[in-house]
Structure formats: C-alpha cells, structure tokens
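# Examination of the molecular architecture
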Amino acid sequence: MTSQYRVNYHLRAHKRDSLIEFIKGMLLTPFVLHSQPAASQAHQAENAQRYAEIFASIEELIEEHRSFTNQGIPTYSRLAKLVPSIGTFFTPLPLQQAFERVNGQDKISARKHVPPSFNDVRRILNMAQAIAIAPGLKLVTFDGDMTLYADGQNFEEDTELTALLISLLRRQINVAIVTAAGYGDDAPRYENRLSGLLAGFAKAQLTTAEVSRFFVLGGECNFLFRCAILDQNYRLQYVPDKEYSASALRSWTDSQVQQLLDVAEAELRDCVDRMAVSAEILRKPRAVGLVPRAQLTREQLDECALSSQLALLKFQGSPKSQPCDVPIPFCAFNGGNDCWVDIGNKLIGVRILQDMLGSPPAATLHVGDQFLSTGNDLSTRTACCTCWIINPEETQRILTELESILDNTTK
C-alpha cells in the first residue's frame, strides 16, 4: 500500500491540478460524442455552444461553492464533493464569457482531433480571473524567473512587458515582484536583475508617486524593497522590517531558522548521495539550495523538493500538514534548473504587501508559473486570486488582455 501510494503521489499527483482536470474531463464528453470527420462552420458553432454551456454550469458550481464558503461550510458545496481539494474563490469566475473570448482567439471548438487540453482550460481560467478582478484591482504581484524573464536571466530593456507594467503603475495599481531570489538587503543585486525594467521607468519618466507603487520582495517574503528616484536615478530602497507589519507573519527566531536549514541541507545532501548527482549545496541566511553542475531531470529535482518537504514537516512534528501550516512556514520547490528550500513562502510575502497596501484578496492578483505542489507560487492561492502562466510570453498575453478589460471598465 505504501509503495503504491508513493507511485501515485510522486509520479502523478504533484503534476496535476484537480480543478483543471475536472473541467477537462467535462469537456471531453461533447468532444468524443460530437466530433465529425469534416467539421463545417455550423458544427464548429454547435461545439462552441456545448462547451459554453459546460463552462456556464461550472460557473454556477463555483458561485454555489463561494456561497457555502461565506457561510463557513465550504465542504457542503457540490463542487467540493466533485473536487475535494478545491480551495477558496475570492471573486466570481465568468467562465462562459472567458471561454468565448479565448475560443475566438484560439478556435478550440474548431479542432477535430485534439480535445480541450490542460493548457486550454488554464488559459480560460486566467481570462475569467482577469475579467472578474479588473474593476477593483489594487495590487498585482509577479514571480520573477519564467514569469517576467527567462530562468536565471535579467529583465530585458524595451520589452512589451515593461510597457504593460508601466501602464499598471500609471493606473494607480501597485505592482510587486515576489521572488525566491534572496540577496539579503543588497539592493544593487536586485537592481541588476531588473535593470531593463528600471531603465524603462526612467525612459517613461515615471513620477515619484508612480514608482513608489513598485516593490520587490526577495527570498519569498524576507527582504522588501521599494522603488524611488534618487539623484534622478530609479533605484530600489531596502525597507527595514520595523517599517511594516512583518513581525506577526514572520515570528521565527534566527536559531529556529538555522535548525530548519540544517535539516533541509542534510536532506539535500542525502539526495545528492542517493541519486549520485553532481551538484553544489549553497547555504544562505534564510535558504539552502541544490545547484547542479550538470543538468538534472525534472524527476530528480522533484525528488529533492518532495524529500526536503517531508523531512521538514517531520522535523516540525506535522508530516501530514502543508508547508504553510507548520510553526515555521517554508517552501521547498523545484526551480526548473535547481531546487531550493526557503524559510517563509510567497503566501506570507503576498500577505505582507496586502497589509501594507490595504489590498484585500479579491483585489490582489498573483501571476506565476509554479502552481504544482513542487512549485513556490501555489501557496499564494490561499491569500489572493491567481493567474497560472508558463512563460513571459503568456504573462504578456494575459496583461494585454487585462489592459483591454481595464480600458473597457473605465469607459
């Protein structure tokens, strides 16, 4: 039984999203029953109508779940019975409208051989969230690597993403990058990673008020910076803990942190020995990571993340809990090319910004690429609305859609 559980969990569960799989399954039925060898325009319209009706029904299920959640009994909803792991929806999700918009672009209903996929559903959920949150949006937070720029690279100058972020700031919407990159209070290192964006701010001649709405939160939740204009240069200024209410969310001591990192480091070293991989273990004040000397497979990195996660949960006496529900929250994640264990997580990071800026969950949107159980964006779903992208191009696409929605909202 234990062996079978491990096979099912480690090979499948951490690579899936229950809600997306549920929706994908619902859409498969009309595709199978009504696919035609030679699809006409009329048949495409009929397919679109069938898919739209399914999304409308799921939209109703989500609204019912929101109602039961507001009453404090979310497990009573039909959706909770169909998808037991379902979380909280902070806004309605206009899925039918989102499907019609995405289908108009991608022609999902015109396909004869490929049914609606995981990525199709993910993009439709992103669109629905953008439509729902736009009227009251106050804060947008972003992951860094593979969300705003390529993995391990810097933010490039003169990109469309720069223009889109500037547009958000000029609309009086706060923008923050919440990243695992932990350089302590060393602002120049973060400025180097974001040099292209800061150059874009300068070229656009953003005002002091506009750039003051831009933040960087490094080490998941540990090092906060705010943008300012200093001697006519656009710089990041470190914000000491005492200037914002972080103590209630980060109540651990340095001694506790080092004990936890000792356990994580030992587990990562064990992974290196067990799998005979060539990798360096890097220790930072609030993180420890495995950095390969030669490329590792996704499965090897997942093994490191899941092994570290379980070891830290056991150490804190809660092997059945989640990393954000233990005395010292942490994040053990597959970074794509490496594996890191950070003290704290992006859930705490987003909540720090929400408290500081007065932005409730229904007015906060987090955009990231790591929403599987070995990713470090997943925890933000507890604090705010989310959009799941897979690369900077998709970030640009959803922000372009959001800008269009915002333009129509203000008319």
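Report follows, based on the coordinates. For every chain, the first residue of the written sequence is number 1, and numbering continues from 1 onward in sequence order. Totals for whole chains, interfaces and linings use all residues, but because this is a predicted model, local features are given only for residues with pLDDT of at least 70 and pairs of side-chain atoms are given and counted only at 80 or more. Derived side-chain values reflect all non-hydrogen atoms in the structure, with water molecules and hydrogen atoms excluded from consideration.

## Remarks on the packing of helix 11 (residues 254-275) against helix 12 (residues 298-315)
- To get an axis, fit a line to the C-alpha atoms, keeping to the stretch in contact for a helix; angles then go from 0 to 180 degrees between the N-to-C directions. Secondary structure counts use DSSP, requiring at least four H or I residues in a row for a helix and at least two E residues in a row for a strand, with both numbered from the N terminus. The contact between helix 11 and helix 12 brings their axes to 9 Å, and the two run at 145°. For the pair helix 11 and helix 12, the sense of crossing is right-handed. Of helix 12, the residues touching helix 11 (which contributes Gln 259, Leu 260, Val 263, Ala 264, Glu 267, Leu 268, Cys 271, Arg 274 and Met 275) are Gln 300, Glu 303, Cys 304, Ser 307, Ser 308, Ala 311, Leu 312 and Phe 315.
- Gly counts as polar in this scheme, as do all residues outside two lists: the nonpolar Ala, Val, Leu, Ile, Met, Phe, Trp, Tyr, Cys and Pro, and the charged Asp, Glu, Lys and Arg. By residue class, the composition of the contact of helix 11 with helix 12 is 10 nonpolar, 4 polar and 3 charged. Working rule for handedness: look at the near helix, and if it is turned counterclockwise from the far one by less than a right angle, call the crossing left-handed; if clockwise, right-handed. Every residue pair with non-hydrogen atoms within 4.5 Å of one another is taken to be in contact.

## Points about the sheet that holds strand 11 (residues 385-388)
- The pairing criterion is simple: DSSP has to find at least two bridges between the two strands. Taking strand neighbours across the sheet as the criterion, the 7 strands line up as 5-4-3-2-1-10-11 in an open arrangement whose pairing is mixed. Bordering the open sheet on either side are strand 5 (233-239) and strand 11, each of which pairs with just one other strand. Pairs of neighbouring strands in the sheet enclose a mean axial angle of 25°, with direction left out of account.
- Pairing between strand 1 (residues 139-142) and strand 2 (residues 174-178): 4 bridges, direction parallel. By the bridge assignment for strand 2, Thr 141 is matched with Ala 176.

## Remarks on the sheet that holds strand 8 (residues 330-334)
- On the basis of which strands lie adjacent, the open sheet formed by 4 strands has the order 6-7-9-8 and antiparallel pairing. The sheet terminates laterally at strand 6 (279-284) and strand 8, the two strands that pair on one side only. Within the sheet, the average angular offset between the axes of one strand and its neighbour, ignoring direction, is 15°.
- Here strand 8 runs beside strand 9 (residues 339-343); their pairing, made up of 5 bridges, is antiparallel. By the bridge assignment for strand 9, Phe 330 is matched with Ile 343.
- In the packing of helix 11 onto the sheet, contacts are made with strand 6, strand 7 (287-292), strand 8 and strand 9, and the angle to strand 6 comes to roughly 175°.
- Packed on one face of the sheet, helix 12 meets strand 7, strand 8 and strand 9 and runs near 165° to strand 8.

## Some points on the pattern of salt bridges
- Salt bridge, as applied in this entry: a Lys or Arg side-chain nitrogen positioned within 4 Å of an Asp or Glu carboxyl oxygen. Under the defined criterion, the tally for this structure stands at 24 salt bridges.
- One salt bridge in this structure joins Lys 203 and Glu 157, with 3.9 Å as the shortest N-O distance. Residue Lys 203 is located in helix 9 (residues 195-204), and its partner Glu 157 is located in the loop between strand 1 and helix 7 (160-170); the two are separated by 46 residues in the primary sequence.
- Only protein chains enter the accessibility calculation, which uses a 1.4 Å probe; a residue whose area is less than 20% of its type maximum is buried, one above 50% is exposed, and one in between is partly exposed. When its relative accessible area of 53% is taken as the criterion, Lys 203 is described as exposed.
- Taking relative accessible area as the criterion, Glu 157 reaches 43% and is therefore assigned partly exposed.
- Several salt bridges converge on common partners, so that one network encompasses Asp 106, Arg 111, Asp 120, Arg 122, Arg 123, Glu 394 and Arg 397.

## Overview of the nonpolar core
- Ranked by internal contacts, the top residues of the largest apolar core, which has 78 residues, are Leu 168, Phe 201 and Phe 214.
- The element best represented in this core is helix 6 (residues 118-133), accounting for 9 residues.
- In this structure Phe 201 touches Ile 166, Leu 169, Leu 206, Val 211, Phe 214, Cys 227 and Tyr 234, once residues within four positions along its chain are discounted.
- Within the second largest apolar cluster, 37 residues are counted, among which are Leu 139, Val 239, Val 272 and Cys 339. The definition of a nonpolar core used throughout is a set of buried Ala, Val, Leu, Ile, Met, Phe, Trp, Tyr and Cys residues joined through side-chain atoms within 4.5 Å.

## Topic: the state of the cysteines
- Any two cysteine sulfur atoms within 2.5 Å of one another count as a disulfide. Inspection of every chain in the model, using the stated rule, returns 0 disulfides.
- Cys 221 carries a free sulfur, and the closest cysteine sulfur to it, the one in Cys 331, is 9.7 Å from it.
- Cys 387 carries a free sulfur, and the closest cysteine sulfur to it, the one in Cys 385, is 8.6 Å from it.

## Observations regarding a nonpolar patch on the surface
- Together, Leu 28, Val 32 and Leu 33 make up an exposed nonpolar region whose accessible area comes to about 290 Å².
- Within the element layout of this structure, Val 32 appears in helix 2 (residues 18-34).
- Overall, Val 32 belongs to the exposed group, its relative accessible area being 53%. Note on patches: the residues involved have over 30% relative accessible area and no salt bridge, like charges join within 9 Å, and the nonpolar side chains Val, Leu, Ile, Met, Phe, Trp and Tyr join within 5 Å. Accessibility throughout is a Shrake-Rupley quantity obtained with a 1.4 Å probe, and a residue counts as covered only by protein chains that appear here.

Bear in mind that shape data such as this cannot, by itself, settle questions of function.
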